[in-house]
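Residues per chain, in single letters:
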Amino acid sequence: MAQGSRQYFAVAILMCAFVSINGVGLNDLLDRASQLSDKLHYLSTSLTNDLDSHFPPIGRGMMPRPSLCHTSSLQIPNDKDQAMKVPEDELLSLARSLLLAWSDPLALLSSEASSLAHPERNTINSKTKELQDNINSLGAGLEHVVHKMGSSSDNLSTLPFNGNNLGQDKTSRLVNFHFLLSCFRRDSHKIDSFLKVLRCRAAKKRPDMC
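Structural notes, computed from the coordinates. Computed from a predicted structure; not experimentally measured.

Reading the values: rules and limits
Residues numbered from 1 in each chain as written. Predicted model: local features only at pLDDT ≥ 70, side-chain atom pairs only at ≥ 80, totals over all residues. Heavy atoms only, no water. Helix = DSSP H or I, 4+ residues; strand = E, 2+ residues; numbered from the N terminus. Buried < 20%, exposed > 50% of the residue type's maximum accessible area, 1.4 Å probe, protein only. Areas by Shrake-Rupley, 256 points an atom, 1.4 Å probe, with all protein chains shown as cover. Axes fitted to C-alpha atoms, helices over the stretch in contact; angles between N-to-C directions. Parallel < 35°, antiparallel > 145°, perpendicular 65-115°, else oblique. Left-handed = near helix turned anticlockwise from the far one by under 90°. Contact = heavy atoms within 4.5 Å. Nonpolar A, V, L, I, M, F, W, Y, C, P; charged D, E, K, R; others polar. Expected span 1.5 Å × (residues − 1). Polar contact = N/O pair within 3.5 Å; in protein donor to acceptor, adjacent residues only side chain to side chain. Salt bridge = Lys/Arg side-chain N within 4 Å of Asp/Glu carboxyl O. Disulfide = S-S within 2.5 Å. Core = buried A, V, L, I, M, F, W, Y, C linked by side-chain atoms within 4.5 Å.

Considerations on the overall build of the protein
Now for step 1: A tally of regular secondary structure across the protein gives eight helices and zero strands.
Now for step 2: Tracing the protein from N to C terminus, the helices and strands come up as α-α-α-α-α-α-α-α.
Now for step 3: Looking at the protein as a whole, 44% of its 210 residues qualify as buried.
Now for step 4: Total accessible area computed for the protein in this model is approximately 10,800 Å², and 50% of it derives from carbon and sulfur atoms.

Set out below in structure tokens:
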């Protein structure tokens, strides 16, 4: 079985695992969520590498600043040490807020990927759709984590996304696709970090072991 097929099969098992979770403990739920968030970050990194393989030099100068990512206004811990000091409810709310904020942008990326002016667009299209499936599954899984924790982490931040297209010309569309993906890659790393901290706390590990 090819590496890509094995990875897809493993993620499919994880996604199905969230469908039937009655009786599953919090530690196991967070472990599954952490595996899915790790997969999200892996896919976004892989997609970035695919785009970079044939990215026009002029596009580098056209890339917006990271501060223009639509999620940049969310106040979040900058590193693991800061995250370890944040209450569990708040950390879970931050992860869910980031996931929710990417629902519309990922739908846009998924709809645009197949028509990108890029030689790897078929691969990019496939991975983008896989990203969308994974983020939906992770969002549903975190709903179960909220229920299991009996927490008040429904206080989610609203981070509106105002874009409805990537531009008119092929270079602008490619640049904006790359920019959105770079924003998601950054946020997927944050989500992954937050969930790993939550998993570590649930397992009652010492902070230096997390």
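Re the packing of helix H6 (residues 103-112) against helix H8 (residues 170-202)
Now for step 1: Across the interface, H6 lies against H8 with an axial gap of 11 Å and an inter-helix angle of 140 degrees. For the element pair H6 / H8, the angle class is oblique. In terms of crossing hand, the pair formed by H6 and H8 is left-handed. Where H6 abuts H8, its residues Pro105, Leu106, Leu108, Leu109 and Glu112 lie against Arg173, Phe177, Leu180, Leu181 and Phe184.
Now for step 2: Its residues placed into classes, the contact of H6 with H8 shows eight nonpolar, no polar and two charged.

Considerations on H8
Helical geometry note: an α-helix holds 3.6 residues per turn, so side chains three or four residues apart project in the same direction.
Now for step 1: The terminal C-alpha atoms of H8 lie 47 Å apart, and with 33 residues this matches the ideal 48 Å at 1.5 Å per residue to within 8%.
Now for step 2: N-cap assignment for H8: the residue whose side-chain oxygen lies 3.2 Å from the backbone N of threonine 171 is aspartate 169.
Now for step 3: In the stretch just after H8, lysine 204 is the one whose phi turns positive, near 60 degrees.

Description of the side chain of serine 97
Now for step 1: Note on placement: serine 97 falls in helix H5 (residues 88-101).
Now for step 2: Within polar-contact distance, the side chain of serine 97 engages the backbone nitrogen of serine 157 at 2.9 Å.
Now for step 3: Serine 97 has contacts with Leu74, Leu156, Ser157 and Leu159, leaving out every residue within four places of it along the chain.

Quick look at the pattern of salt bridges
Now for step 1: This model, assessed by the stated rule, comprises nine salt bridges.
Now for step 2: Between glutamate 88 and arginine 201 there is a salt bridge, and its shortest N-O distance comes to 3.6 Å. Separated by 113 residues along the polypeptide, glutamate 88 in helix H5 and arginine 201 in helix H8 bring together distant segments of the chain.
Now for step 3: Given the relative accessible area of 33%, glutamate 88 is considered partly exposed.
Now for step 4: Using a relative accessible area of 18% as the deciding quantity, one classes arginine 201 as buried.
Now for step 5: Measuring nitrogen to oxygen at the nearest pair gives 2.5 Å for the salt bridge that ties arginine 173 to glutamate 112. Of the two residues, arginine 173 is situated in helix H8 and glutamate 112 in helix H6; the sequence distance between them amounts to 61 residues. Glutamate 112 matches arginine 173 in its accessibility class, with the two residues each being buried.
Now for step 6: If you follow the salt bridges from partner to partner, you end up with Arg186, Asp187 and Lys190 in one network.

Examining unusual backbone geometry
Now for step 1: The residue lysine 204 is not glycine, and still its phi comes out positive at about 60 degrees.
Now for step 2: Its place among the elements puts lysine 204 in the segment after H8.

Comments concerning the state of the cysteines
Now for step 1: In this structure the tally under the stated criterion is one disulfide.
Now for step 2: Across the disulfide from cysteine 69 sits cysteine 183; the S-S distance is 1.9 Å. Taking the sign of the S-S torsion, about -80 degrees here, the bridge from cysteine 69 to cysteine 183 comes out left-handed. Of this pair, cysteine 69 sits in the loop between helix H3 (57-62) and helix H4 (80-83) while cysteine 183 sits in helix H8, placing them 114 residues apart in sequence.

Points about the nonpolar core
Soluble globular proteins: nonpolar side chains tend toward being buried together.
Now for step 1: If you look at the biggest cluster of nonpolar residues, it comprises 51 residues, and the most contacted ones within it are Leu131, Leu138, Leu142, Phe177, Phe194 and Leu195.
Now for step 2: Those elements that provide at least two residues to this core are helix H2 (26-52), H5, H6, helix H7 (121-149) and H8.
Now for step 3: Here this core gets 13 residues from one element, more than from any other, and that element is H8.
Now for step 4: For leucine 131, the residues in contact, after removing those within four places along its chain, are Leu40, Leu43, Ser44, Leu47, Leu106, Leu181 and Phe184.

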